[in-house]
Protein chains: 2
Amino acid sequence: MQAPEFLAAHAAEAERAIAQVLDDRASVVPERLLEAMRYSLMAGGKRVRPALVRECYRACGGVDDARVLPAMMAIEAIHTYSLIHDDLPCMDDDDVRRGSPTCHRRFDEATAVLAADALQALAFELLASADIEAELRCELIRRLALAAGCQGMVGGQMMDMQAEDGSGIDLMQVERIHLHKTGALLCWCCEAGALLAGAGSDQLDACSRYGKAVGLLFQIADDILDATASSETLGKSAGKDAAQHKATYVSVLGLVPARELAAEMLELAIAAGSTLGEGGQPLNTLAQYIMGRDR
Amino acid sequence: MQAPEFLAAHAAEAERAIAQVLDDRASVVPERLLEAMRYSLMAGGKRVRPALVRECYRACGGVDDARVLPAMMAIEAIHTYSLIHDDLPCMDDDDVRRGSPTCHRRFDEATAVLAADALQALAFELLASADIEAELRCELIRRLALAAGCQGMVGGQMMDMQAEDGSGIDLMQVERIHLHKTGALLCWCCEAGALLAGAGSDQLDACSRYGKAVGLLFQIADDILDATASSETLGKSAGKDAAQHKATYVSVLGLVPARELAAEMLELAIAAGSTLGEGGQPLNTLAQYIMGRDR
């Protein structure tokens, strides 16, 4: 399935803005560190996260696109830092990401650790200095720190590492891992968009439900792709989950039930998106793309 | 030289508060992750940073001790995360820290990477949810992210890594490394204390100057200790700088001129502390302790 056009547009905007932030620091940051940050930030990818922020903002009635740009940049910085650390030899030990050498392979491990650490700090800096109400900045930072930290993404990554050596993992545990590992940040995107639009509690709730469903859909689709696509299409090592005896939706459920579960999540996402009226249409398109993407 | 009593009192208070925060999350964070975070946070140490926050706050007329506690906890979380990553095999490759196994030796590398990542997020969460004015929360977060990120601590760490293989480093470069690597965060402590007290620009400036001088003093004293103390006294491997051909104040200047430079920095710190009147007296005591400490 083709990516919706707005995905590329939001992605390009977030990328340009981040590139500018990095360029502006060239004289005050060690060159190699900045290069590693830029290398991983600009390595392409689907950029679903900034699109979720922007489209949830619009779906909740937001009209000032510039207002959400710092949140779009912040989430890409956090996401990129997490990929760099995930790829390290002591974690998933990946050599290739999006068709290119991973950060520690292109540079070295120390540089990769530091570039990611700096990206995490950058995310919070961007939010703290955004041109929006201070109360809202704090709320976005607080929620992002929770979504990214030990109760969210990092906690999920830890659960994932611990699950690798055990084969007795059930569906509930797989879901718990992914609600933390990928779901929390995707949810943050949707809630951040809603909060920036000054959404009422119904709209915020719809965005949360959409984010949660899309988060799980995203992971199930990822697991299906890893089990079925070639490395060439995927731009990263395929079949790695099975080789590493990782607990995935496919390993726990089998391929056909995993596809059925994905369809269920898509329905939930679309139900949530539809309560936002016509403005929620791009969110539904996005969910369909996440379901049908081939890499 | 004996540590001043208030250092231990502030340390104990910050430790208790952080331990409580971690304990409150026991049901929602993977046990091993939380254990690693607690292990490194509670590993002792001098706790100079929280004391700087509290004493600069008091020196600038602050009277509500509870108001600065989140900043004291946040800086310990950031400092601890940086120690965990610094000790990793791909960085300084240290087995011992404060007389105990380093985090990755006590647990494993993946857990250490993740525990530190979670601690960085926790620092920003603590500040974002502090019970102080939202504008001030944002300002503290923005300054902390700058001090900890690519323009500050992480940048300094990168310079330090790059300097390890070159022996042609001069005093200016050593100073540049440490102004970033340790100085930026120590400065943040002092400025955060001043800002939380609602300091005027003169007081804020005095705290900044004090922080900068104390930051360099701290590093020079560290380098002198590494060159002269035993591992037993130090609680970590001594003589490592020379073994690794690290550029230090001692390697660049020699021991006696390094001691003279430390004395100069002490004078600068005391001059800054004295402009704060009687309230600045504990800051001067602290600087003298940093100069004279034996571990």
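Read on for a plain summary of the structure. Bear in mind that the values here come from a model prediction, so they are computed numbers and not experimental data.

What follows is about the overall build of chain A. Within chain A one finds 15 helices and two strands. On C-alpha atoms alone, chain A measures out to a radius of gyration of 18 Å, which is about the 19 Å that the 2.2 N^0.38 rule sets for 295 residues. With the principal axes as the frame, chain A shows a C-alpha extent of 50 × 50 × 35 Å. Split into buried and exposed, the 295 residues of chain A put 58% on the buried side. When contacts within chain A are restricted to residue pairs at least 6 apart in sequence, long-range pairs at least 24 apart make up 73% of them. Only carbon and sulfur atoms are counted for the fraction: they give 49% of the accessible area of chain A, which is about 11,000 Å². In chain A, which carries 27 positive and 43 negative side-chain charges, the distance between the mean positions of the two groups comes to 2 Å.

Let us now look at the side chain of Q120 of chain B. Along the chain, Q120 of chain B turns up in helix α6 (residues 109-128). At a separation of 3.4 Å, a polar atom in the side chain of Q120 of chain B contacts the main-chain carbonyl oxygen of D117 of chain A. In this view, Q120 of chain B contacts D117, Q120 and A121 of chain A together with I78 and Y81 of chain B; residues no more than four positions away in its chain are not counted.

In this fold, G292 of chain B is placed in helix α15 (residues 281-292). A sequence separation of 290 residues divides G292 of chain B from Q2 of chain B, and the C-alpha atoms of the two residues are 8.6 Å apart.

Before going further, it helps to spend a moment on the interface of chain B and chain A. Counting residues at the interface gives 43 residues for chain B, matched by 43 residues for chain A. For the pair chain B and chain A, the summed buried surface comes to about 3,900 Å²; carbon and sulfur atoms form 75% of the total. Among the residues of chain B in contact with chain A, L114, C150 and M158 of chain B are the three that bury the most area, contributing 16% of the side total. Inspection of the region where chain B meets chain A yields two salt bridges. Residue R137 of chain B pairs with E135 of chain A through a salt bridge whose shortest N-O separation is 3.6 Å. At the surface where chain B touches chain A, the tally comes to eight residue pairs in polar contact (both at pLDDT 80 or more). Looking at the side of chain B that touches chain A, the elements with two or more residues in it are α2 (31-41), α4 (69-87), α6, α7 (134-148) and α8 (153-163) of chain B. Take the side of chain B that touches chain A: its biggest share by element is twelve residues, from α6 of chain B. Its residues assigned to classes, the side of chain B that touches chain A comprises 26 nonpolar, nine polar and eight charged.

Right, let's talk about the pattern of salt bridges for a bit. For the structure on display, the rule yields 38 salt bridges over all chains. Residue E15 of chain B is joined to R47 of chain B by a salt bridge in which the shortest nitrogen-to-oxygen separation is 2.9 Å. Separated by 32 residues along the polypeptide, E15 of chain B in helix α1 (residues 5-23) and R47 of chain B in the loop between α2 and α3 (48-59) bring together distant segments of the chain. Across the salt bridge formed by E191 of chain B and R143 of chain B, the nearest N and O atoms sit 2.9 Å from each other. Placement of E191 of chain B in helix α9 (residues 171-196) and of R143 of chain B in helix α7 is noted, with a sequence separation of 48 residues between them. Overlapping salt bridges bring together E13, R54, E55, R58 and D65 of chain A as one network.

Residues M37, W188 and Y210 of chain A together with M37, W188 and Y210 of chain B are the most contacted members of the largest nonpolar core, which totals 214 residues. The contact partners of Y210 of chain B, leaving out residues within four places of it in the chain, are L52, C190, A269, A272, G273, L283, L286 and A287 of chain B.

Turning to unusual backbone geometry, a few remarks are in order. As a rule of thumb, non-glycine residues mostly have phi less than zero, and peptide bonds are mostly trans rather than cis. We note that R47 of chain A has phi near 55 degrees; this positive angle belongs to a residue other than glycine. In this structure R47 of chain A comes out as buried when scored by relative accessible area, which is 6%.

Attention now goes to α7 of chain B. An α-helix turns once per 3.6 residues; consequently, residues spaced three or four apart project the same way. Taking 1.5 Å per residue, 15 residues should reach 21 Å; α7 of chain B reaches 21 Å between its end C-alpha atoms and fits that length. Taken residue by residue, α7 of chain B has A134, L136, R137, C138, L140, I141, L144, A145, A147 and A148 of chain B as its buried positions. Buried residues along α7 of chain B sit against α6 (109-128) and α7 (134-148) of chain A together with α4, α6, α8 and α9 of chain B.

A word on α8 of chain B. The buried count for α8 of chain B comes to ten of eleven residues, which makes it a mostly enclosed element. Regarding α8 of chain B, the residues found buried are M153, V154, G155, G156, Q157, M158, M159, D160, M161 and A163 of chain B. Summarising the contacts, the buried residues of α8 of chain B are in contact with α2 (31-41) and α6 of chain A together with α4, α7 and α9 of chain B.

Attention now goes to the packing of aromatic side chains. Counting across every chain of the model gives three aromatic pairs over all chains. With a centroid separation of 4.6 Å and 20 degrees between ring planes, the pair formed by F124 of chain A and F124 of chain B is classed as stacked. A residue pair is termed interchain when its members come from two chains, as with F124 of chain A in helix α6 and F124 of chain B in helix α6. The exposure class of F124 of chain B is buried, given its relative accessible area of 0%.

For the pair chain B and chain A, the best superposition has an RMSD of 0.0 Å and corresponds to a rotation of 180 degrees with a translation of 0.0 Å parallel to the axis. With respect to symmetry, the two chain copies, as superposed, fit the operation of a two-fold axis. It is A134 of chain B whose C-alpha, among those of chain B, lies nearest the rotation axis, at 2.7 Å.

Parameters at a glance
- Residues numbered from 1 in each chain as written.
- Chains lettered and ligands numbered in written order.
- Predicted model: local features only at pLDDT ≥ 70, side-chain atom pairs only at ≥ 80, totals over all residues.
- Heavy atoms only, no water.
- Helix = DSSP H or I, 4+ residues; strand = E, 2+ residues; numbered from the N terminus.
- Rg over C-alpha atoms; globule rule 2.2 N^0.38 Å.
- Buried < 20%, exposed > 50% of the residue type's maximum accessible area, 1.4 Å probe, protein only.
- Contact = heavy atoms within 4.5 Å.
- Areas by Shrake-Rupley, 256 points an atom, 1.4 Å probe, with all protein chains shown as cover.
- Lys, Arg positive; Asp, Glu negative; His and termini not counted.
- Charge placed at Lys NZ, Arg CZ, Asp CG, Glu CD.
- Polar contact = N/O pair within 3.5 Å; in protein donor to acceptor, adjacent residues only side chain to side chain.
- Buried area = accessible area lost by both parts, 1.4 Å probe.
- Salt bridge = Lys/Arg side-chain N within 4 Å of Asp/Glu carboxyl O.
- Nonpolar A, V, L, I, M, F, W, Y, C, P; charged D, E, K, R; others polar.
- Core = buried A, V, L, I, M, F, W, Y, C linked by side-chain atoms within 4.5 Å.
- Expected span 1.5 Å × (residues − 1).
- Phe/Tyr/Trp six-rings, centres within 6.5 Å; stacked < 30°, edge-to-face > 60°.
- Least-squares fit on C-alpha atoms with pLDDT ≥ 70 in both.

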